[in-house]
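In case you want the letters, here they are:
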Amino acid sequence: MPTADPLSHKEIEDRLAELPGWQLSEDETSLERTYHLAHLPAAVFVVHIARIQDELNHHSDLTLGYNTVTVSITTHSAGGRLTAKDFDLARRIAEIAPGHGAQ
Ligand SMILES: C[C@H](O)[C@H](O)[C@H]1CNC2=NC(N)=NC(=O)C2=N1
């Protein structure tokens, strides 16, 4: 399994600028966002995200709260660092979020 290449700090910052609402974890190893929506729509949103993740073969940690979905993305095969795959997944999630009423 080829290891994805970790991104440089500048590459991360450049990509993050194109993902409003997303942020880095404290240690800059994960890309994170918490969406707000009602509980059942949040569960439906999680299932849609899971389908995209299987399509990309790249998976986040998802937390379903009372009225939130928290997404945390890192690349395990890069030793828990950020790679282009993380931002590809975040962009796909950001694309579907409005259709789910997720803010
Ligand atoms: C075998 C399978 O292709 C790998 O385990 C994939 C699955 N999903 C993954 N998701 C993430 N976030 N990082 C990975 O390195 C990864 N690897």
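What counts, and where the lines are drawn
- Residues numbered from 1 in each chain as written.
- Predicted model: local features only at pLDDT ≥ 70, side-chain atom pairs only at ≥ 80, totals over all residues.
- Heavy atoms only, no water.
- Salt bridge = Lys/Arg side-chain N within 4 Å of Asp/Glu carboxyl O.
- Helix = DSSP H or I, 4+ residues; strand = E, 2+ residues; numbered from the N terminus.
- Buried < 20%, exposed > 50% of the residue type's maximum accessible area, 1.4 Å probe, protein only.
- Axes fitted to C-alpha atoms, helices over the stretch in contact; angles between N-to-C directions.
- Left-handed = near helix turned anticlockwise from the far one by under 90°.
- Contact = heavy atoms within 4.5 Å.
- Nonpolar A, V, L, I, M, F, W, Y, C, P; charged D, E, K, R; others polar.
- Expected span 1.5 Å × (residues − 1).
- Arc of directions from axis to C-beta.

**Side note on the pattern of salt bridges**
Side chains that differ in sign of charge can pair as their charged atoms come close.
Inference 1: Under the definition given, this model contains three salt bridges.
Inference 2: A salt bridge links Lys10 to Asp14; its shortest N-O distance comes to 2.5 Å. Here the residue Lys10 and the residue Asp14 both occupy positions in helix α1 (residues 9-16), the gap between them amounting to four residues, near one helical turn.
Inference 3: Here Lys10 falls in the exposed class, since its relative accessible area comes to 55%.

**With respect to the packing of helix α2 (residues 39-56) against helix α3 (residues 84-96)**
Inference 1: It is the contact of α2 with α3, at a shortest axis distance of 10 Å, that shows an interaxial angle of 145°. Helix-helix and strand crossings are classified by hand; for α2 and α3 the assignment is right-handed. When α2 is examined against α3, the residues Phe45, His48, Ile49, Ile52, Gln53, Glu55 and Leu56 are found in contact with a partner set consisting of Leu89, Arg92, Ile93 and Ile96.
Inference 2: Class assignment of the residues belonging to the contact of α2 with α3 gives a composition of seven nonpolar, two polar and two charged.

**Here's the deal with α2**
Along an α-helix, residues three or four positions apart point the same way, because every turn accommodates 3.6 residues.
Inference 1: Over its 18 residues, α2 extends 26 Å from the first C-alpha to the last, a length consistent with the 26 Å expected when each residue adds 1.5 Å.
Inference 2: Listed in full, the buried residues belonging to α2 are Ala42, Phe45, Val46, Ile49, Ile52 and Gln53. Here the buried residues of α2 occupy an arc of 125° about the axis, which is enough to place them on one side. Structural note: α2 exposes Leu40, Val47, Arg51, Asp54 and Glu55 on the side pointing more than 90 degrees away from its buried face.
Inference 3: Against β2 (31-36), β3 (61-64), β4 (68-73) and α3 lie the buried residues of α2.
Inference 4: Of the residues one or two after α2, Asn57 is the one with positive phi, at around 50°.

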